[in-house]
Amino acid sequence: MSMSSGRNAEPERSRMSQTELLAIVGKHRAFLTKQPGGVRASFKLRDLSHMDLSGLNLAEADFSGAKLFGARMVDCVLSGASLYAADLRLANLERSDLRRADLRGACMRGAVLNQASMAEADLREGTIMHVRKDGSITAHEFDAVPVQTELSCATVVGADLSRAKLSNTFLVQSDLTDCIMRGAKMARANLTNTNLTGCDLKGADLTGANLTGAKLHGADLTGAELGLARFAGALMMGTILDDNARRAEEVLEGIHAPTPEDAGLDLSAMLVLHSEWVETGGREGARADLSSLDLSGVDLAGANLSAALLHCACLRKANLVGTSLPMADLSLADLRDADLSRADLRGASLERATLNGAQLVRADLGPVLIQSSTGRLWSANLHRARLDGANLTGAMLKRAVLSQSSLVGAVLKDAELSDAKMAGADLRDVDLANTDLDGADMADVVGMVH
């Protein structure tokens, strides 16, 4: 957005020196702690391009119309700050706290916001404003000219945008992998060719949004408002959808996982060839590649799928009781309500897989010994997996990677979790009766009193 004394001219911004910055930060620190001499920091219409503000606490500071092109703002506290119409192109805001920040009309093209906290931030469109000679900013007196907040070509991996206001925002070709966007308001947002892999979009408002060509592998859209949204050419293999949403006309425009029959594949023949491939060490037969296929409700109980490829496969309500799946790739797979009781999942990749409501009673998710000169143990990978309400009674999860996974309401009674990597996992309302957590990494775990 441009704010101007005319319609198109850029406002004049005076360059800020490092000395001046430190003086303002000092007074702002006193302001935040209610100390004498404290003054709220104002960087309104100042030029801070390429400056380093990393680690500073600038909560509630005023950056209206400021130029922060290429600025380094890593781990910066900007909660409640006004960044209205700020120029944040190519700025580095990794892990910054932008909760409830006013980012209306800001330009963040090419910015880096990985793991930033942006819950309830306001990224809606702004309006063209006038800058008066005294530096005050006022709205245009006649017709209001809306200007979209721009977050195009940005990298926003793993950020928290829960309940953020993103209506009409320009998010073209950005990387939003693994973002938490629960309840976000994204009506009419332009998400063309944006990567939303693994995003949590539960309850988000995507009414009229443009998701043409977007990647939605493993994205959770349950409860989302999708009316009039455009999904033409969107990649939706492994996308988590309500049954009604799956049949919606808008959603049908996307590219979905085909059944084996639709893909011209003979599943039974593939299983036979895969067994030969396993038994002969790859000399005969063929490795089963069931990636991006719709295998909902399939009965594969007891089948040998060791090291099979099931990336982005839909296995909802599938019967996988006692199935052999060591070293299999089930990343981003939809395994909701599947029965994996007593399944062999040693060393399997279930990264970003959705296993809500799944049965994993006495399933083996321990490590597998790789036959090599080093004899390396290969752990099961459930990084960012969703296991809400899953039954893992008596499951083997020794050394398993469960970092940032969600296990809300899961049953882990009598489970083996020794030496598991649980950092950042959500364990609210989990049944941990008789669970072995010896040596487990429980850093930043949610829902447990240490």
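Provided above is the structure to which this section pertains.
Since the model is a prediction, treat every value here as computed from it, not as a measurement.

Draft legend 1. View of the packing of aromatic side chains. Summed over the entire model, instances satisfying the criterion amount to one aromatic pair. Their ring planes at 20 degrees and their centres at 4.6 Å tell us that F43 and F63 sit as a pair that is stacked. Of this pair, F43 sits in the loop between α1 (18–32) and β2 (46–47) while F63 is found in the loop between β2 and β3 (126–127), placing the two residues 20 residues apart along the sequence. Residue F43 is classed as buried on the basis of its relative accessible area of 0%.

Draft legend 2. Spotlight on the layout of surface pockets. A volume near 770 Å³ is recorded for the largest pocket. For the lining of the largest pocket, the class distribution of residues is seven nonpolar, eight polar and 12 charged.

Draft legend 3. Broad picture of the side chain of T149. Mapping T149 onto the fold places it in the loop between β6 (146–147) and α2 (243–246). Separated by 3.5 Å, the side chain of T149 and the backbone oxygen of L103 make a polar contact. A polar side-chain atom of T149 sits 2.8 Å from the main-chain amide nitrogen of G105. Those residues in contact with T149 that sit more than four places away from it in its chain are L103, R104, G105, A106, M108, L123, R124, E125, T169 and F170.

Draft legend 4. How the structure looks around the nonpolar core. Counting 71 residues, the largest nonpolar core has L58 and M181 as the members making the most contacts within it. Per-element accounting of this core gives the leading share, three residues, to α1. If near-sequence neighbours (up to four positions away) are discounted, L58 is found in contact with V25, H28, A41, F43, L53, F63, C76, V77, L78 and A81. Of all hydrophobic cores here, the second largest spans 56 residues; its members include L271, L315, A333 and A400.

Draft legend 5. Structural detail: the pattern of salt bridges. Applying the stated criterion across every chain, the model contains 20 salt bridges. As a salt-bridge pair, R89 and D87 come within 2.8 Å of each other at their nearest N and O atoms. We classify R89 as partly exposed; its relative accessible area is 26%. Of the charged contacts, one joins R104 and D122 as a salt bridge, the two residues approaching to 4.0 Å between their closest N and O atoms. One end of the pair, R104, is in the loop between β2 and β3; the other, D122, is in the loop between β2 and β3, with 18 residues separating them in the sequence. Relative accessible area serves as the criterion here: at 11%, D122 is assigned to the buried category. Residues joined in a network through salt bridges with shared partners are D102, R104, D122 and R124.

Scoring rules and cut-offs
Residues numbered from 1 in each chain as written. Predicted model: local features only at pLDDT ≥ 70, side-chain atom pairs only at ≥ 80, totals over all residues. Heavy atoms only, no water. Phe/Tyr/Trp six-rings, centres within 6.5 Å; stacked < 30°, edge-to-face > 60°. Helix = DSSP H or I, 4+ residues; strand = E, 2+ residues; numbered from the N terminus. Buried < 20%, exposed > 50% of the residue type's maximum accessible area, 1.4 Å probe, protein only. 1 Å grid on protein atoms, 1.4 Å probe; cavity = no way out; pocket = protein on both sides within 12 Å on 5 of 7 lines; lining within 4 Å. Points joined across faces, edges and corners; volume = space filled by probe spheres on them. Nonpolar A, V, L, I, M, F, W, Y, C, P; charged D, E, K, R; others polar. Polar contact = N/O pair within 3.5 Å; in protein donor to acceptor, adjacent residues only side chain to side chain. Contact = heavy atoms within 4.5 Å. Core = buried A, V, L, I, M, F, W, Y, C linked by side-chain atoms within 4.5 Å. Salt bridge = Lys/Arg side-chain N within 4 Å of Asp/Glu carboxyl O.

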